[in-house]
Amino acid sequence: MRADSVYIRRFWVASIGPGAVADLLRIIRAGQRRHTVAHPIYLHVLVQSGLAAYDGTTITVPNPVPTLPPQLVRRLPPSLRREHDTWMRLRRR
């Protein structure tokens, strides 16, 4: 998903929280501009969720951002899980 996708704000925020998503988007923007980012507060959340890798000096994040992995989809509330399933069905078309 593109960094400005509603999907990220809807589902990734629900899954890992707004602070972690804000850090992710800041890192993506910094990379696009070839700037550096000070150590993000939620880096551990991004690494744990598979959205970042950190080798002690360099942070790497995917761009475009992947869809939620199945284990995180299962943790969403039922109504949001159904909404996510609809998004995925429409995306496959």
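Everything quoted here is computed from the prediction, not taken from an experiment.

1. Regarding the packing of aromatic side chains
Within the structure shown, the criterion is met by three aromatic pairs. Here the aromatic residues Tyr 7, Phe 11 and Trp 87 are joined through ring pairs into a cluster of three or more.

2. A short note on the nonpolar core
Residues Trp 12, Ile 16, Leu 46 and Leu 68 are the most contacted members of the largest nonpolar core, which totals 25 residues. Looking at this core, the element that brings in the most residues is helix α2 (residues 18–32), giving six residues.

3. Side note on the environment of Val 65
Assignment of secondary structure puts Val 65 in the loop between β2 (59–60) and α4 (70–73). Looking at Val 65, the relative accessible area reads 1%, which means it is buried. Residues Val 65 and Ala 14, spaced 51 residues apart in sequence, show a C-alpha to C-alpha distance of 15 Å. Those residues within four positions of Val 65 in sequence are excluded, and the remaining contacts are Met 1, Ile 8, Trp 12, Leu 24, Ile 28 and Leu 51.

4. Considerations on α2
Given a rise of 1.5 Å per residue, 15 residues ought to cover 21 Å, and the 21 Å separating the end C-alpha atoms of α2 matches this to within 8%. Residues of α2 that are buried in the fold lie against α1 (6–16), α3 (43–48) and β2. Phi turns positive one or two residues past the end of α2, at Arg 34, with a value near 60°.

5. Focus on the packing of α1 against α2
To describe two helices that pack against each other, one gives the angle between their axes and the distance between the axes. Two numbers describe how α1 lies on α2: the axes approach to 7 Å, and their chain directions differ by 125°. On the basis of their axis angle, the class for α1 and α2 is oblique. Contacts between α1 and α2 involve Ile 8, Arg 9, Trp 12, Val 13 and Ile 16 on the former and, on the latter, Pro 18, Ala 20, Val 21 and Leu 25. Among the residues forming the contact of α1 with α2, the class breakdown is eight nonpolar, no polar and one charged.

Scoring rules and cut-offs
- Residues numbered from 1 in each chain as written.
- Predicted model: local features only at pLDDT ≥ 70, side-chain atom pairs only at ≥ 80, totals over all residues.
- Heavy atoms only, no water.
- Phe/Tyr/Trp six-rings, centres within 6.5 Å; stacked < 30°, edge-to-face > 60°.
- Core = buried A, V, L, I, M, F, W, Y, C linked by side-chain atoms within 4.5 Å.
- Buried < 20%, exposed > 50% of the residue type's maximum accessible area, 1.4 Å probe, protein only.
- Helix = DSSP H or I, 4+ residues; strand = E, 2+ residues; numbered from the N terminus.
- Contact = heavy atoms within 4.5 Å.
- Expected span 1.5 Å × (residues − 1).
- Axes fitted to C-alpha atoms, helices over the stretch in contact; angles between N-to-C directions.
- Parallel < 35°, antiparallel > 145°, perpendicular 65-115°, else oblique.
- Nonpolar A, V, L, I, M, F, W, Y, C, P; charged D, E, K, R; others polar.

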